[in-house]
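# Descriptive structure summary
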Amino acid sequence: MAAADSNRVYVPMGMADSVGVIDLASRQVTSSMTGTVNTHGSALTPDGQYLVVGSLTVHKSEVPVSRPEGITEDEHAAHHGGGTAAVSEESNTGLLYVVDTATNAIARKLEVPGPVHHVLVTSDGRYAVSTHPMGGGISIVDLDTGTLVKSVATGPAPNFIVETGDGQSLLVSNSGNGTISEVDIEHWFVKRNLRVGGGPEHMVLAPNNERLYVNNGASGQVLVVELSSGAVAATYEVGDEPHGVDLSDDGQILYATSKGSNRIVRIELASGARHSVTLAPAPYHLAVSPHNGQLLVTSRSESKLWVLDPESLDIIDEIPLKGIGHQISLESH
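First, a word on scope: everything that follows refers to the structure included in this document. (Residues numbered from 1 in each chain as written. Predicted model: local features only at pLDDT ≥ 70, side-chain atom pairs only at ≥ 80, totals over all residues. Heavy atoms only, no water.)

### A short note on the pairing of strand β24 (residues 274-278)
For clarity, the cut-off: When DSSP finds two or more bridges between a pair of strands, those strands are recorded as paired. Each helix corresponds to a stretch of at least 4 residues labelled H or I by DSSP, and each strand to a stretch of at least 2 residues labelled E; elements are numbered beginning at the N terminus.
Examined bridge by bridge, strand β23 (residues 263-268) and β24 share five bridges and lie antiparallel to one another. Within β24, the position partnered with R266 by the bridge is H275. Once β23 ends, the chain turns through five residues before running back antiparallel as β24, passing G272 with a positive phi of about 80 degrees.

### Here's the deal with the packing of aromatic side chains
Think of a pair of aromatic rings as described by two things: how far the centres are apart, and how the planes are tilted against each other in angle. Test applied: Pairing of aromatic side chains here covers Phe, Tyr and the six-membered ring of Trp, requires ring centres within 6.5 Å, and sorts the geometry by plane angle: under 30 degrees stacked, over 60 edge-to-face, intermediate tilted. Between buried and exposed lies partly exposed: a residue is buried under 20% and exposed over 50% of the maximum accessible area for its type, with that area taken using a 1.4 Å probe on protein chains only.
Within the structure shown, the criterion is met by one aromatic pair. The interplanar angle of 90 degrees and the centroid separation of 5.2 Å between the aromatic rings of Y127 and W188 together place this pair among those described as edge-to-face. Here W188 lies in the loop between β15 (179-184) and β16 (189-195) and Y127 lies in strand β10 (residues 127-132), a separation of 61 residues in the sequence. The exposure class of W188 is buried, given its relative accessible area of 5%.

### Digging into the sheet that holds β23
Inclusion rule: Structural elements are reduced to axes, namely lines fitted to C-alpha atoms, with helices fitted over the stretch in contact, and the angle between N-to-C directions of any two is expressed from 0 to 180 degrees.
Within the open sheet, the four strands sit side by side as β21-β22-β23-β24. Their pairing is antiparallel. The open sheet has two edge strands, β21 (242-247) and β24, and neither has a second partner. Between one strand axis and the next, the sheet turns through 15 degrees on average, direction left out of account.

### Section: the side chain of H243
This is how it is decided: We define a polar contact as two N or O atoms separated by no more than 3.5 Å, with the added condition that, inside protein, one atom must be a possible hydrogen donor and the other a possible acceptor, whereas residues neighbouring each other in sequence contribute only through side-chain atom pairs. Residue contacts are defined here by distance: any two heavy atoms, one from each residue, within 4.5 Å place the two residues in contact.
Relative to the elements of secondary structure, H243 occurs in strand β21. By relative accessible area, H243 is classed as buried at 8%. Looking at H243, its side chain comes within polar contact range of the side chain of H285, at 3.3 Å. With residues up to four places along the chain from it excluded, the contact list for H243 reads E201, H202, N215, T257, K259, Y284 and H285.

This is the structure:
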């Protein structure tokens, strides 16, 4: 049972208002997590017991903002901006769904400050971190208590998040101003901004934590950022509207999708050898399976997920989905 359970893939279906659960052994959608609204980002807790998915739709708050003891209603309203402004601000929130992977049932709904794009659960399992493209930053929720710990301003249109291997920092791509923000996890503040230019979006960190690979939506490239210096050390051409990016398990091979050029690219980092094939229509989110290295790629235009051979990039299978697949989460070994 454990072997079968550790072979699952979770794919948020956006406007289809569900999350598909795929068994990689049979390459079939075996079940569905329902009751979510426009989920885009997803991340598993380290123990695999819960999937945290974020809604990219504005929600009306169901939880009134609590008034501290000893403070009058007028004083509390003034502190939050007063009058209708306070009501408007507090009613437009985002949602995280914490879904039990054993039952597919929503265990909790957590309110966050605005629609959620991508999601990360920290390696210690303690926090769920969301990017808020309309809010200019990230939010941090304590998964034990369900409370909002902090909101951190990073930059305009924050897109994606990765965690450094030492668990000390998060890296957040800000597609609106061409920067990567390094956020201190212990104290939740931006300790460094790296200027990479263009429109940085999806990212993957090398296993040695020395290099960050960032797709640049503006230039059609993957940028290679040296984290010690913060400088862009190299670039790889991918194609129009690059989106998904990931590394092989050993960190030696880079994969990237080009939505606009209908292409997937494989680059051997040591030699620079490059192989690309046509993949249509609109290859989108990408993840490398930790079990066999196969590539999982969704389409932005059709409700399906491709399974590709990691060497040849040949299509092994196409799995029909019930919606457009977004941030893919895979159970680890």
